[in-house]
Amino acid sequence: MFIIDPHCHMVSRTTADYETMALAGVVAISEPAFWAGFDRSPAGFVDYYRQLTEFEPKRAAQFGIDHYCWICLNPKEAEDLGKAKEVLAEIPKFLDKPTVLGVGEIGLNKNTPNEAKVFQQHVQMAIDTWEKSKAAGATGGHHLILIHTPHLEDKLKGTKWTLEMLKDFGSKIDHSRVLIDHVEEHTIKIVKDAGYWAGMTLYPVSKCTPQRAVDMIEMHGAERLMVNAAADWGVSDPLNTHRTMLEAKKRGHALETLMTVFYNNPARFFGQCPKFKPRPMRVEEVRE
Ligand SMILES: [Zn+2]
């Protein structure tokens, strides 16, 4: 079966990881812009965006994987509003690149007022810069948006605040064009009930496990739900998405459910951007 991994930080992974993922059926990866483990200068961000849009697609293509990315200033570096202003001025230049799906991963990290301000500026940018794409024939009201939610004790408060801020944009925000990531048991329901797409992030330690992810699929349904490995420079594993699929298989879930969560849902969400090529598949196509 084919898999689309909706959230992996491949700049931190080896070329051997691409090969492993390709051997395990990964056909496409979406890579949000994130924190490098240290704070960068505005010029460092431009270099990073070039790496995401120029180098990574080539590295992935060696293994037949389509590589897509998202551009933003990550929440961890949003505290310095002067720097944020400079970096945000560079982002529109990258949004129309051939493999850029939208603005992300934006959001809150420690739930500070400055993080909230920069989050709102990014959302406004996704709306304001859409006109050019629209003129090129794209449909929808704004660029796709990928949202990071804080971890541990900050998660519930941060998720609720994020939803409130999105609500303030009113009809300018199309809920079907927003993916809210790192949901857990106490946040998945409010995200799905509000009509957004939800992503579950698997980590080998401390956070969501394959067992917990499958429990959440069983409790909340496969609709508008995705699973990702979020592999990055920390302790992480690009095959955790597969481990979740294996856990679902062991519990007897139908091929159709597996296809929905691990391939068709990402294909449907990302496919709202015409640059994303993999199309949803029917279960018969996989059985053939
Ligand atoms: Zn991430």
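We now turn to the structure provided with this report.

What counts and how
Residues numbered from 1 in each chain as written. Predicted model: local features only at pLDDT ≥ 70, side-chain atom pairs only at ≥ 80, totals over all residues. Helix = DSSP H or I, 4+ residues; strand = E, 2+ residues; numbered from the N terminus. Rg over C-alpha atoms; globule rule 2.2 N^0.38 Å. Buried ≥ 20, exposed ≤ 12 C-beta atoms within 10 Å, placed from the backbone. Contact = placed C-beta atoms within 7 Å. Pairing = 2+ DSSP bridges. Axes fitted to C-alpha atoms, helices over the stretch in contact; angles between N-to-C directions. Core = buried A, V, L, I, M, F, W, Y, C linked by C-beta atoms within 7 Å.

**Looking at the overall build of the protein chain**
Scanning the protein chain for helices and strands turns up 12 helices and eight strands. Whereas a compact globule of 288 residues would reach a radius of gyration of roughly 19 Å, the protein chain reaches 18 Å, a difference of no more than 12%. When its C-alpha atoms are laid out on the principal axes, the protein chain stretches across 50 × 40 × 40 Å. Taking all 288 residues of the protein chain together, the buried fraction comes to 42%. Across the protein chain, contacts joining residues at least 24 apart in sequence account for 72% of those joining residues at least 6 apart.

**Observations regarding the sheet that holds strand E2 (residues 26-31)**
In spatial order, the strands read E1-E2-E3-E4-E5-E6-E7-E8; together these eight strands make up an open sheet with parallel pairing. This sheet does not close on itself; its edge strands, each paired only once, are strand E1 (3-5) and strand E8 (225-228). Across the sheet, the mean angle separating the axes of adjacent strands is 25° when strand polarity is ignored. Sheet topology note: the strand E4 (residues 100-107)/strand E5 (residues 144-148) ladder contains five bridges and is parallel. Opposite Gly102, over in E5, you have Leu144 as the bridge partner. Against the sheet, helix H2 (residues 42-61) engages E2, strand E3 (66-71) and E4, with an angle of about 170° to E3.

**A look at helix H10 (residues 240-250)**
For H10, every residue scored as buried is listed here: Asn240, Thr241, His242, Thr244, Met245 and Ala248. Taken together, the buried residues of H10 touch E1, helix H9 (210-220), E8 and helix H11 (255-270). Just downstream of H10 lies Gly252, where phi reads positive at about 90°.

**Structural notes on the environment of Asp215**
Tracing the backbone shows Asp215 in helix H9. Distance in space between the C-alpha atoms of Asp215 and Glu247 is 9.9 Å, their sequence separation being 32 residues.

**Details of the nonpolar core**
In terms of nonpolar packing, the biggest core is built from 76 residues, with Trp70, Ile71, Val178 and Ile180 touching the most fellow members. When residues of this core are assigned to their parent elements, the largest contribution, eight residues, is made by H11. In this structure Ile180 touches Ile147, Thr149, Val191, Tyr196, Trp197, Ala198 and Gly199, once residues within four positions along its chain are discounted.

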